[in-house]
Amino acid sequence: MTRASMVPPPAITNLEADRRFVRLAESLGHRVADKFVGGYVDYEWGKSRHLFEALPGGVDGKQALEFGCHIGASAIVLAQLGAHVTALDVAAHDLELARVNAQRYGLEDKIAFEHVIDTRTLPFPSARFELITCNSVLEYVRPEELGEVLREIDRVMAPGGTLMVLGTSNRLWPRDVHTKRWLLNYLPETWRAGRVRSVSPWRIKRGLPDYIDMGVLEGATSFLEAKAKSGWGPAKVYAASRAQAALRHCNVSLGMLAHSFTLLMRKPSA
């Protein structure tokens, strides 16, 4: 049994912080009963945790950056699994809610929160992080700025480190994840502005040309292991593994084709 498998799920331990979280969330117009507000940590524990655990060496003890932490759910899961977490966001109100969220789970001492207005310039030294996670965030970066943002992510990534892009609206799909409208993803970027938020996984890969797609290299082992733990049955996992074997010849990882895509990319070692 691995250490990760013995880690209990995050639990609310600070009732005063929980009450403050509810008040602050409601003042910002959020419905606390929404699974992506009050239940977001539980949701990420049931989904993203398995991807974190499936990474070679896991995340315990690693220096991790949650790029675009929103209200802190993924950062809290990473901290619960033993990572040393830095969480940043461009929205000060979301970051404050994330701080209170960490307090309600008793993990505020394990997460450093940073308000970064312009993510094209990050306030960290080069090669600072071994793991960088981008959960449902890169589709919100302005297309004309995405290249600079990816270069800055690369700068603060340590050699041999892993970039995990997950839960990201896939421009390859004809129906937009957020608006549920058809064909908006296929409009030119200048026409899409303000209508839809999505990004192509190939755009991410082109922005980091030296990175190794671990899904292709490993035959999506980490991805499929995580999916099996999150509920995929043996038949579905087997079919997906055979599909990945065929996609490998095209340098495509299985996670790239999902409606909300997943990329696991490793920076070459120095």
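Residues numbered from 1 in each chain as written. Predicted model: local features only at pLDDT ≥ 70, side-chain atom pairs only at ≥ 80, totals over all residues. Heavy atoms only, no water.

1. Topic: the packing of aromatic side chains
The full count for this structure, using the stated rule, is 5 aromatic pairs. Measuring from ring centre to ring centre gives 6.3 Å for Tyr 40 and Tyr 43, while their planes differ by 55°; the resulting arrangement is tilted. Of this pair, Tyr 40 and Tyr 43 both sit in helix H3 (residues 40-46), 3 residues apart, which is roughly one turn of that helix. The class for Tyr 40 is buried, based on a relative accessible area of 12%. Given the relative accessible area of 29%, Tyr 43 is considered partly exposed. Considering the side-chain rings of Phe 124 and Phe 129, the 5.2 Å spacing of their centres and the 85° angle between planes classify their relative orientation as edge-to-face. Look at Phe 124 and you get buried, because its relative accessible area is 10%. These aromatic residues form a ring-pair network of at least three members: Phe 36, Tyr 40 and Tyr 43. Note that Arg 104 overlies the ring of Phe 21, its terminal NZ or CZ placed 4.1 Å from the centroid. (Phe/Tyr/Trp six-rings, centres within 6.5 Å; stacked < 30°, edge-to-face > 60°. Helix = DSSP H or I, 4+ residues; strand = E, 2+ residues; numbered from the N terminus. Buried < 20%, exposed > 50% of the residue type's maximum accessible area, 1.4 Å probe, protein only. Lys NZ or Arg CZ within 6 Å of the ring centre and 35° of its normal.)

2. Topic: the environment of Ser 241
Secondary-structure assignment places Ser 241 in helix H12 (residues 234-247). Given a relative accessible area of 23%, Ser 241 falls into the partly exposed group. Between the alpha carbons of Ser 241 and Ile 132 there is a distance of 26 Å; along the sequence they are 109 residues apart.

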